Amino acid sequence: MVGCSWLWSHRNYLIIFLTPLLLLPLPLLIPTPQAKCGYAIILMALYWCTECMPLAMTALLPVILFPMMGIMESGAVCVQYLKDSNMLFIGGLLVAIAVENWNLHKRIALRVLLVVGVRPALLMSGFMGVTAFLSMWISNTATTAMMVPIAQAVLGQLCATEARQDERELQVEGKDNQAFELDTKAPQEEEINIKQDLVKIQQDYTYKDEERDADSPLERRRKERELKYQLLTKGMSLSVCYSASIGGTATLTGTTPNLILKGQMDDIFPGNGDVINFASWFGFAFPNMVIMLILSWLWLQFMYMGFNMKKSFGCGKKNEGDKEVFAVMKEEYRKLGSMTFAEGAVLTIFVLLVVMWFTREPGFMPGWATVLFNKDGAFVTDGTVAIFMSTLFFIIPSRPFCCKSAEEEEGEAGEEGKKKQKAPAALLNWHVVHERMPWNIILLLGGGFALASGSEASGLSKWLGESLAPLQSIPPFGISLLLCLLVGTFTECSSNTATTTLFLPILASMATAIGLHPLYVMLPCTICASLAFMLPVATPPNAIVFSYGNLKVMDMVKAGFMLNMIGILTINLGINTWGDAMFQLSTFPDWANITHGTKP
C-alpha cells in the first residue's frame, strides 16, 4: 500500500520522465520526419491529457523538439506563437476584462432577470439565456462564477419565502379547526378514570413522538419543499454551466477552440479567402447555439421540474413569495446605482466592435475593410479590429474631464491647503489586464499552430490523410457523425483546447485526401470539443458548479450524456442544412487542393 501511495503521489514525475523513454523507439527504429513529428505529437498529447506539466509549458515543446529533430528551423517554429488569431484572442479578452472590471455584465444579468420573472421555468430560461449571451463575449469561467451565486441567492430566497407562506397557511388552518375541544366538564366520580386515560395517552404519544412529528402537516410540507428545491437547485446549477459552454460556441472569440479552427484554416489552407471570420462563424453557430439552448432547457426542465405548466410558469399569477424574490433582485439592481460614464463608454466600445466585426466582410456584400483597405490583399482582419477597439480602453477616461472625482469632492487638501487635482484614470490599466489575462491560452494557441506546421513540413499530414482514405466509402454525414462522437468523448477527459489542437490537423489531412470539404468535418468537431457536459473536471464551468456541493457526479453524467447527444445531432443538422448553403460544403473547394509537405 505504501508503494502504491508513493507511485500515485509521484505520478506526474514518472509520466514526465518515462513517457519520452518509452516512445523513443519510434523515431529510432523509423528515422523519418513523419515518425519524428509523430513522436512529438504523441508525447504532447499524453502530457496534455495527464496534465503532468502545465498545459502552456507542454505547448512550448515544439520549440525544443522540432529544431532538434530537424523538422523545422527554430525561427519558423517560434513565429507560430503570435499570429493573427492570437491577436484576435487578445483583443476579445481585453473587451471582456473591461466589461468585468466595470461590472457591466452583472447589470445586464440582473436587468434581464427582472424582465423574465421568478417562476421556475421562466427563471431557468432567463438564467440560461443571460449566461449564454454573456459567455459569447466574456470567458465561460467568469460568466459561470458570476451567475451561480446569483442563482443560489434567488433560490434561497424562494425557499425561505415559501417556508414562511406554509407556516402562515397552517396557522390559519389551526385556528379554524382545533385538534380537539372539551365542551363539558367530566363528573367528579369519573376524574380518576380520566386521569388514568390521560396518562395512557401521554405514554402512547411519547412512544410515537417521532412518527407523530413526521406525519404533521408542517413536517410533510418541509420535506416536500426540501426535495423540490434540491432538484431545482441541481437543475439551475447545471443550466448555468451548460449554457456557458453552449453560449461560447456562438462567436469566434467565445471560446478557444473556435479561434484554433480559424488559425488552423489560415495556416493549412492559406488561400481559403477568409472563409472563417466573425460574421461567417456567427451566421452558422448562433442559430445552432439557440437550438441547442432550447433543447437543453427542455431536457433540464423535464429532469428536474417536470412539465406542470401551472407550477412552472404560474399562468401569469404572482404570489407573495414571487414578489419578495423579485424585490430582492430589484434591490440588488438598485445597489448598482445608475449607469456610470465608464459603463456607458465600455458598452459603446463593445457595441461598435461587434458592428465592425459584422460589417468588415459580411460575405453577401462588400464590407468596409474591402472598400477601404483590402483591395489588394487581406490587410485588415478581425484581429486588427479587435486590437484597435481594445486600445481605446487605455485612451478614453473613466469619467469626463469636467467632473470631479470622489476624492476631490470630499475636499482633500494638500500641505499648502490647495485641493489635489487628479486626471481621471483610463477605462483600463495594465495592472488589471496583467492580473486577469489568461496568458497561458495564448501559448496553447501557438502550440497548436506549431504542431500543425510541423505536421505539414514533415509530411505527417499527408501520411495520415492517405491512411484515412478508406473512409471515402462512408457517406459524408456518417463521417461527420462518427468524428463528432469521437471528439465529444475525448473532450470529456481532456481540455477542449488540447482536443482541437490535436484533431484539427488530422481532420484537415483526411478531408483533402478523400476529396471532402475540410469545413464539413473541422467545423462540427470544433464545436463538439466545447460540449463537455458529463464530468466536473471536463471544463471549468462544470467544476465551479460542482464545488458548491449540490451535485453528485452521477447527476452531471445523467444530464450531460443526453445533452452531448443533443449537441452532436444539432450540429450535424446545421452542417447539412444552412451550413451547406453558407459554405458550399457539397463541393470540394479549389483552395483545399494543396500539396502536403511543400509548404515553406
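Residues numbered from 1 in each chain as written. Predicted model: local features only at pLDDT ≥ 70, side-chain atom pairs only at ≥ 80, totals over all residues. Heavy atoms only, no water.

### Focus on the overall build of the protein
A tally of helices and strands in the protein yields 31 helices and zero strands. Taken across its 600 residues, the protein has 48% of its residues classed as buried. Long-range pairs, those at least 24 residues apart, make up 79% of the contacts in the protein with a sequence separation of at least 6. (Helix = DSSP H or I, 4+ residues; strand = E, 2+ residues; numbered from the N terminus. Buried < 20%, exposed > 50% of the residue type's maximum accessible area, 1.4 Å probe, protein only. Contact = heavy atoms within 4.5 Å.)

### Some details on helix α10 (residues 120-135)
Along its 16 residues, α10 runs 22 Å from first to last C-alpha, staying within 8% of the 22 Å computed at 1.5 Å per residue. Across the 16 residues of α10, 12 count as buried, placing the element largely inside the fold. Every buried residue of α10 is listed here: P120, A121, L123, M124, G126, F127, M128, V130, T131, A132, L134 and S135. (Expected span 1.5 Å × (residues − 1).)

### What to know about a nonpolar patch on the surface
Together, L18, L21, L22, L24, L28, L29 and I30 line one region of the surface with nonpolar side chains, adding up to about 750 Å² of accessible area. For the nonpolar patch, the secondary-structure elements that each account for two or more residues are α2 (11-23) and α3 (25-29). With three residues, the single largest contributor to the nonpolar patch is α2. If you trace the backbone, L18 turns up in helix α2. (Patch = residues over 30% accessible without salt bridge, like charges linked within 9 Å, V, L, I, M, F, W, Y side chains within 5 Å. Areas by Shrake-Rupley, 256 points an atom, 1.4 Å probe, with all protein chains shown as cover. Salt bridge = Lys/Arg side-chain N within 4 Å of Asp/Glu carboxyl O.)

### Considerations on the pattern of salt bridges
Taken as a whole and assessed by the stated rule, the structure comprises seven salt bridges. Close ionic contact of D274 with R360 constitutes a salt bridge, the shortest N to O distance being 2.6 Å. Here D274, found in the loop between α15 (256-268) and α16 (278-304), pairs with R360, found in helix α19 (residues 341-360); they are 86 residues apart in sequence, far enough to count as distant. Of the charged contacts, one joins D382 and R360 as a salt bridge, the two residues approaching to 2.7 Å between their closest N and O atoms. Of the two residues, D382 is situated in helix α21 (residues 382-391) and R360 in helix α19; the sequence distance between them amounts to 22 residues. In terms of burial, D382 and R360 fall into one category: buried. One network of salt bridges, with partners in common, ties together K262, D266, D274, R360 and D382.

### Focus: the nonpolar core
If you look at the biggest cluster of nonpolar residues, it comprises 155 residues, and the most contacted ones within it are F127 and V521. The leading source of residues in this core is α16, at 12 residues. Contact partners of F127, with chain neighbours within four places excluded, come to L113, M147, I150, A151, V154, M236, V240 and S243. (Core = buried A, V, L, I, M, F, W, Y, C linked by side-chain atoms within 4.5 Å.)

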